[in-house]
There are 2 protein chains.
Amino acid sequence: MVIHPDTDAIVAAKAYSYLQNKLGYDTEAVALGEPNPETQFVLNYFEETTPRVISEAASEVDSVMLVDHNEFQQSVSDIEKLTVTHVVDHHRIANFNTTAPLFYRAEPVGCTSTILTKMFDENKVEIPAQLAGLMLSAIISDTLLLKSPTTTDDDKIALKTLAEIADIDFDKYGIEMLKAGTNTDAKSDQELIGSDAKSFELGGKNVRIDQINVVDFDDILKRKADILKAMATEADSERYDLFLVLVTNVLNSDSKMIVYGGPKDAVESAFNKKITDDMIDLPGVVSRKKQVVPQLTDVMVK
Amino acid sequence: MVIHPDTDAIVAAKAYSYLQNKLGYDTEAVALGEPNPETQFVLNYFEETTPRVISEAASEVDSVMLVDHNEFQQSVSDIEKLTVTHVVDHHRIANFNTTAPLFYRAEPVGCTSTILTKMFDENKVEIPAQLAGLMLSAIISDTLLLKSPTTTDDDKIALKTLAEIADIDFDKYGIEMLKAGTNTDAKSDQELIGSDAKSFELGGKNVRIDQINVVDFDDILKRKADILKAMATEADSERYDLFLVLVTNVLNSDSKMIVYGGPKDAVESAFNKKITDDMIDLPGVVSRKKQVVPQLTDVMVK
């Protein structure tokens, strides 16, 4: 399975590795896929290195720390052979279990980097300015500049703290960063449908949900037929029952979702709307985690 | 299923409820069973009230916070109908999942109350002297006065901090408290095998593991035949495949384990010892969590 880490996933790996090494661990930040254009913009802007990309880990190490995810199907392919000693995350807990006690730090906030900002403070470790720049980028990315409904007061406080450390005007920088992540013309159909995709098992169905940020819906709608073809091909080869591509306009906070596979009635029932031309209109929806996954889960998992 | 909370389970509920109410939540500490004699001694000593005992919660509330456990089979019977919003725990994570993001704070330390001591500090909430007394009792109970291999530096630091707040000589108090918890003569066979019992699903088998603390093995060995009979009856009615009663001498840190049901070869293989007269000798073993469950899991879960 191809995993496409978002900005928070890559930044949180770098930030947590930095913190843990300061606390005496010997860790390396790694990524489960190449950085997307937004993340690449962020790494370039703050002159930070890209983590090494891995897909399995048991040949190198016995134990791992996970950030920004916990579900095994979202992790390295050999996760069941490894001991998970630490998790820092802001998602639901599912398909995750351990044999031994571990560190697990989750909070229902908008971004893993918000939790990490607190953990630096709790452990009295200073955040270097460049790292603060990465971490504030992750918060901007996950919360769409604090406009997503996943945004909490903690995210706002962390963003402000980090912006002071990084000495940056986060509003101005944030729009530039979000735009850098929405250049869809530069991407193939296949890249588009995988750029920020996650897999879920809901009621025995393999569900794949991708999210594409745009500043203009037409950038995607003009190539919808090709995108649907790419979704069909990938659903076939990866055995997804249901493939959803959530297209989100980051400037006005609305989405449209392209639907391939089924059960289609579950999708219509989850959002209380009809699918028309393989698409469902989702005004006001910007968060997969808060406005898509729970709604589907309610309908598909009995 | 009958659940028998230990001192940490009851104390952590009281401590976390106190903390959360200070932070603006409206919570009530409840227990999943009556306090055992050790816990009763602790509550009497510090003149604290016993939490209300419940077995289900959905008729009263929509959401719950869990302390000192996460596995659904160790929780209220209707846990799947409830939203778990917070967990503070020091056990492995298993048979636990949520639909939405949540607060989850786990650390591989000896006692939940150790984590809570940190959380009071992080949230800048003072621990009242009586509550500190309860919390240090939980640490003494879970770590057998810091002698269990589950003991970490964090537990030692928390115990010292709490002893200062409670103004108590924890060594002297601790021995008195542990002895209060080991009066096995006062308990029926049925009480004994359930006093600190937990259920696990390992490789498709229902495994029940009880722990009895003693200051003299003979207190239990003299009634082994009757205890085995009680284990057989309960295993039958509750459908346990394997029922283990770990008898731990808290003064010299050794255990003997009574074995009922099977697979017996898995038990022998887990501890690399033969079962003789339904019993297996486990010198140096005092921790179910660290020295029994992982060893069984390794053998029973493929």
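A quick note: this is a predicted structure, and the numbers were derived from the prediction, not measured.

Side note on the interface of chain B and chain A
In this assembly, 22 residues from chain B lie in contact with 22 residues from chain A. When chain B packs against chain A, the two sides together hide about 2,000 Å² of surface, and 66% of this comes from carbon and sulfur. Of all residues in chain B, the largest losses of buried area upon contact with chain A belong to B:Ile93, B:Thr99 and B:Pro101, amounting jointly to 29% of the total for that side. Across the chain B-chain A interface, the total number found is zero salt bridges. Of all the elements in the fold, those that place two or more residues in the side of chain B that touches chain A are strand S5 (103-106) and helix H12 (293-300) of chain B.

Brief notes about helix H4 (residues 129-143) of chain A
Residues spaced three or four apart along an α-helix point in a common direction, a consequence of the helix completing one turn every 3.6 residues. When the terminal C-alpha atoms of H4(A) are compared, their 21 Å separation across 15 residues agrees well with the 21 Å that a helix rising 1.5 Å per residue should span. After H4(A) finishes, the residue A:Leu144 shows a positive phi value of roughly 45°.

What to know about the domain arrangement of chain A
Residue and element names in this part refer to chain A. Partitioning chain A into domains gives domain 1 (7-180) and domain 2 (184-300). Taking only C-alpha atoms into account, the centre of domain 1 sits 24 Å from that of domain 2. Each side of the interface is counted separately: domain 1 has 15 residues, and domain 2 has 19 residues. Each partner contributes to the roughly 1,400 Å² buried at the junction of domain 1 and domain 2, and carbon and sulfur atoms together form 58% of this total. In this assembly, domain 1 and domain 2 are joined by three residue pairs in polar contact (both at pLDDT 80 or more). Residues of the side of domain 1 that touches domain 2, tallied by class, amount to four nonpolar, seven polar and four charged.

So, the sheet that holds strand S4 (residues 83-89) of chain A
Within the open sheet, the six strands sit side by side as S3(A)-S4(A)-S5(A)-S5(B)-S4(B)-S3(B). Their pairing is mixed. Both outer strands of the open sheet, strand S3 (63-67) of chain A together with strand S3 (63-67) of chain B, are each paired with one neighbouring strand and no more. Pairs of neighbouring strands in the sheet enclose a mean axial angle of 15°, with direction left out of account. In this sheet, S4(A) lies alongside S3(A) in parallel orientation, the contact comprising five bridges. The partner of A:Val64 across the bridge, within S4(A), is A:Val84.

With respect to the relation of the copies chain B and chain A
When chain B is brought onto chain A, the operation consists of a screw motion whose angular component is 180° and whose axial shift is 0.1 Å, with 0.1 Å RMSD remaining. Put plainly, the chains are arranged around a two-fold axis. Minimal C-alpha distance to the rotation axis in chain B is attained by B:Arg105, lying at 2.5 Å. Looking at chain B, 100% of its interface residues are interface residues in chain A too, so the copies touch through the same face.

What about the packing of helix H2 (residues 37-45) of chain B against helix H6 (residues 170-180) of chain B?
All names here are of chain B. At a minimum axis separation of 7 Å, H2 and H6 run at an interaxial angle of 135°. The pairing of H2 with H6 is recorded here as oblique in orientation. On H6, the residues that touch Pro37, Glu38, Phe41, Val42 and Tyr45 of H2 are Tyr173, Glu176, Met177, Leu178 and Ala180. A breakdown of the residues in the contact of H2 with H6 according to their chemical character gives eight nonpolar, no polar and two charged.

Side note on the pattern of salt bridges
Residues and elements named next belong to chain A. Taken as a whole, this structure holds 28 salt bridges over all chains when the rule is applied. One salt bridge in this structure joins arginine 52 and glutamate 60, with 2.9 Å as the shortest N-O distance. Take arginine 52: its relative accessible area is 37%, and that puts it in the partly exposed class. Residues aspartate 189 and arginine 223 are paired through a salt bridge, measuring 3.0 Å at the closest nitrogen-oxygen approach. Note that aspartate 189 is positioned in helix H7 (residues 189-194) and arginine 223 in the loop between helix H8 (218-221) and helix H9 (224-238), a separation of 34 residues in sequence. The structure contains a network of salt bridges with shared partners spanning Arg105, Glu107, Lys118, Glu122 and Asp154.

Digging into the packing of aromatic side chains
Counted by the stated rule, this structure contains 19 aromatic pairs over all chains. Note on A:Tyr18 and A:Phe120: the rings are 6.2 Å apart at their centroids and 25° apart in plane angle, and the pair reads as stacked. With A:Tyr18 in helix H1 (residues 7-22) and A:Phe120 in helix H3 (residues 112-122), this pair connects stretches of sequence that are 102 residues apart. Ring geometry for B:Phe96 and B:Tyr104: centres 5.5 Å apart, planes at 70°, overall edge-to-face. Comparing B:Phe96 with B:Tyr104 shows no difference in burial state: the two are buried. In this structure, A:Lys256 packs its charged tip against the face of A:Phe217, placed 5.2 Å from the ring centre.

Digging into the side chain of A:Thr7
Residues and elements named next belong to chain A. Here threonine 7 shows up in helix H1. Residue threonine 7 is classed as buried on the basis of its relative accessible area, which comes to 0%. Looking at threonine 7, its side chain comes within polar contact range of the side chain of glutamate 38, at 2.5 Å. A polar contact of 2.8 Å, which involves the side chain of threonine 7, links it to the side chain of threonine 39.

Some points on the sheet that holds strand S7 (residues 205-214) of chain B
All names here are of chain B. Read across the sheet, five strands follow the order S6-S7-S8-S9-S10 without closing on themselves; strand pairing throughout is mixed. Because the sheet does not close on itself, it has two edges, and the strands there are strand S6 (197-202) and strand S10 (279-282). With strand direction ignored, the average angle separating the axes of adjacent strands in the sheet is 20°.

How each quantity is defined
- Residues numbered from 1 in each chain as written.
- Chains lettered and ligands numbered in written order.
- Predicted model: local features only at pLDDT ≥ 70, side-chain atom pairs only at ≥ 80, totals over all residues.
- Heavy atoms only, no water.
- Contact = heavy atoms within 4.5 Å.
- Buried area = accessible area lost by both parts, 1.4 Å probe.
- Salt bridge = Lys/Arg side-chain N within 4 Å of Asp/Glu carboxyl O.
- Helix = DSSP H or I, 4+ residues; strand = E, 2+ residues; numbered from the N terminus.
- Expected span 1.5 Å × (residues − 1).
- Domains from an automatic or database assignment.
- Polar contact = N/O pair within 3.5 Å; in protein donor to acceptor, adjacent residues only side chain to side chain.
- Nonpolar A, V, L, I, M, F, W, Y, C, P; charged D, E, K, R; others polar.
- Pairing = 2+ DSSP bridges.
- Axes fitted to C-alpha atoms, helices over the stretch in contact; angles between N-to-C directions.
- Least-squares fit on C-alpha atoms with pLDDT ≥ 70 in both.
- Parallel < 35°, antiparallel > 145°, perpendicular 65-115°, else oblique.
- Buried < 20%, exposed > 50% of the residue type's maximum accessible area, 1.4 Å probe, protein only.
- Phe/Tyr/Trp six-rings, centres within 6.5 Å; stacked < 30°, edge-to-face > 60°.
- Lys NZ or Arg CZ within 6 Å of the ring centre and 35° of its normal.

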